[in-house]
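# Structure at a glance
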Amino acid sequence: NAGVTQTPKFQVLKTGQSMTLQCAQDMNHNSMYWYRQDPGMGLRLIYYSASEGTTDKGEVPNGYNVSRLNKREFSLRLESAAPSQTSVYFCASWGGGYGYTFGSGTRLTVV
Amino acid sequence: DQQVKQNSPSLSVQEGRISILNCDYTNSMFDYFLWYKKYPAEGPTFLISISSIKDKNEDGRFTVFLNKSAKHLSLHIVPSQPGDSAVYFCAASLSTSGTYKYIFGTGTRLKVLA
């Protein structure tokens with residue numbers, strides 16, 4: 001099925017550990033995004049990539065890095081996880097037209 | 001500061017009645033607005049959109065109204081159905097760096113009572 005695939009779906013990390021959230025889309029979209037969703041805060045943009053080879057900061061980039069590996073893949077890395085990064089992370093892509101296509105999310109808990 | 005605000009965290013409506021979800025924004029440069037629907041454990045899905053050059057867009061049971069002078073948009077669902085129970089996010093976009101960057105509101109949880 002065409003869409004946005006995120007892995008893993010769930011993850012528990014200890015404070016200070018690192019991990020990479022993976023995202024891939026098969027719709028040939030140019031733009032990709034990482035959002036986090038927290039209670040009462042809605043969806044906040046972490047980083048985005050307007051096209052292959054470019055990345056830009058969003059509203060809440062601190063503590064994260066991204067890599068646009070190719071047109072299909074856009075990964076989000078936490079170098080040293082903190083409890084404040086406990087959240088649900090959504091990857092999205094956009095190829096023109098109406099709105100983004102979102103993945104199903106990664107639920108991350110940092111203890 | 002929150003550029004896109006949904007001041008009602010939750011809303012309950014009887015089946016068959018109208019649901020009205022509201023959204024306010026602060027940046028007059030926003031040029032495109034969308035509503036997304038989100039079920040638990042799923043990603044948001046696109047519902048309906050409106051360009052800043054229009055004041056109304058309709059798609060079946062869903063209508064979005066835009067009042068630019070008040071910086072306010074609303075989503076009307078008529079008639080409401082139990083399957084509409086979900087969290088609804090409004091989003092506003094700025095065209096930047098060759099792409100659209102959406103700012104989301106905090107969401108309104110709609111519960112449609114059978």
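This write-up is about the structure you can find in this document. (Residues numbered from 1 in each chain as written. Chains lettered and ligands numbered in written order. Predicted model: local features only at pLDDT ≥ 70, side-chain atom pairs only at ≥ 80, totals over all residues. Heavy atoms only, no water.)

Inspection of the entire model under this criterion finds five salt bridges over all chains. Of the charged contacts in the structure, one is a salt bridge between D38 of chain A and R36 of chain A, with a shortest N-O distance of 2.8 Å. The burial state of D38 of chain A is the same as that of R36 of chain A; both residues are buried. A salt bridge links K37 of chain B to D84 of chain B, with the shortest nitrogen-to-oxygen separation between them at 3.9 Å. In this pair, K37 of chain B sits in strand 4 (residues 32-38) while D84 of chain B sits in the loop between strand 8 (72-77) and strand 9 (86-96), placing the two residues 47 residues apart along the sequence. With respect to burial, K37 of chain B and D84 of chain B carry one shared label: buried. Here the residues in one salt-bridge network are R36, D38 and R44 of chain A, joined through shared partners. (Salt bridge = Lys/Arg side-chain N within 4 Å of Asp/Glu carboxyl O. Buried < 20%, exposed > 50% of the residue type's maximum accessible area, 1.4 Å probe, protein only. Helix = DSSP H or I, 4+ residues; strand = E, 2+ residues; numbered from the N terminus.)

Next up on the list: the state of the cysteines. With the rule as written, the count across this model stands at two disulfides over all chains. Note that C23 of chain A is cross-linked by a disulfide to C91 of chain A, the S-S spacing being 1.8 Å. Taking the torsion about the S-S bond as the criterion, the C23 of chain A to C91 of chain A disulfide, at about -75°, is left-handed. Of this pair, C23 of chain A sits in strand 3 (residues 19-25) while C91 of chain A sits in strand 9 (residues 87-94), and the two are 68 residues apart along the sequence. The two residues C23 of chain A and C91 of chain A agree in class, both being buried. Between C23 of chain B and C90 of chain B runs a disulfide, and the two sulfur atoms are separated by 1.9 Å. Taking the torsion about the sulfur-sulfur bond, which here is approximately 65°, the covalent link between C23 of chain B and C90 of chain B counts as right-handed. One end of the pair, C23 of chain B, is in strand 3 (residues 19-25); the other, C90 of chain B, is in strand 9, and 67 residues separate them in sequence. Of the two residues, C23 of chain B and C90 of chain B, both sit in the buried class. (Disulfide = S-S within 2.5 Å.)

Our next topic: the interface of chain B and chain A. Across the contact, 22 residues belong to chain B and 20 residues belong to chain A. Taken over both partners, the interface formed by chain B and chain A buries close to 1700 Å², and the fraction arising from carbon and sulfur atoms is 63%. Viewed at the interface, chain A and chain B are joined by three residue pairs in polar contact (both at pLDDT 80 or more). Looking at which element gives the most residues to the side of chain B that touches chain A, the answer is strand 10 (residues 99-104) of chain B, with six residues. (Contact = heavy atoms within 4.5 Å. Buried area = accessible area lost by both parts, 1.4 Å probe. Polar contact = N/O pair within 3.5 Å; in protein donor to acceptor, adjacent residues only side chain to side chain.)

A word on the layout of surface pockets. Of the voids in this model, the largest pocket is the one considered here, and its volume is about 640 Å³. Considering the residues around the largest pocket, the lining is formed by 31 residues, among which Q37, V88 and R107 of chain A together with K38 and R109 of chain B are closest to the centre. Going through the elements one at a time, strand 4 (31-38), strand 9 and strand 11 (106-110) of chain A together with strand 9 and strand 11 (108-113) of chain B are the ones with two or more residues in the lining of the largest pocket. A per-element tally of the lining of the largest pocket places strand 11 of chain A first, with four residues. Residue classes in the lining of the largest pocket are distributed as twelve nonpolar, 13 polar and six charged. (1 Å grid on protein atoms, 1.4 Å probe; cavity = no way out; pocket = protein on both sides within 12 Å on 5 of 7 lines; lining within 4 Å. Points joined across faces, edges and corners; volume = space filled by probe spheres on them. Nonpolar A, V, L, I, M, F, W, Y, C, P; charged D, E, K, R; others polar.)

Turning next to the sheet that holds strand 7 (residues 62-67) of chain B. All names here are of chain B. Pairing is antiparallel across the open sheet formed by five strands, whose spatial order is 1-3-8-7-6. Two strands in the sheet have a free side with no partner beyond their single neighbour: strand 1 (4-5) and strand 6 (56-59). Bridging between strand 6 and strand 7 involves four bridges; their strand directions are antiparallel. From the neighbouring strand, K56 faces strand 7, where its bridge partner is F65. (Pairing = 2+ DSSP bridges.)

The next subject is the sheet that holds strand 8 (residues 74-78) of chain A. Residue and element names in this part refer to chain A. Within the open sheet, the four strands sit side by side as 1-3-8-7. Their pairing is antiparallel. The open sheet terminates on both sides in strands that have one partner only, identified here as strand 1 (4-7) and strand 7 (64-68). Taking each pair of neighbouring strands and ignoring which way they run, the sheet shows an average axis angle of 15°. (Axes fitted to C-alpha atoms, helices over the stretch in contact; angles between N-to-C directions.)

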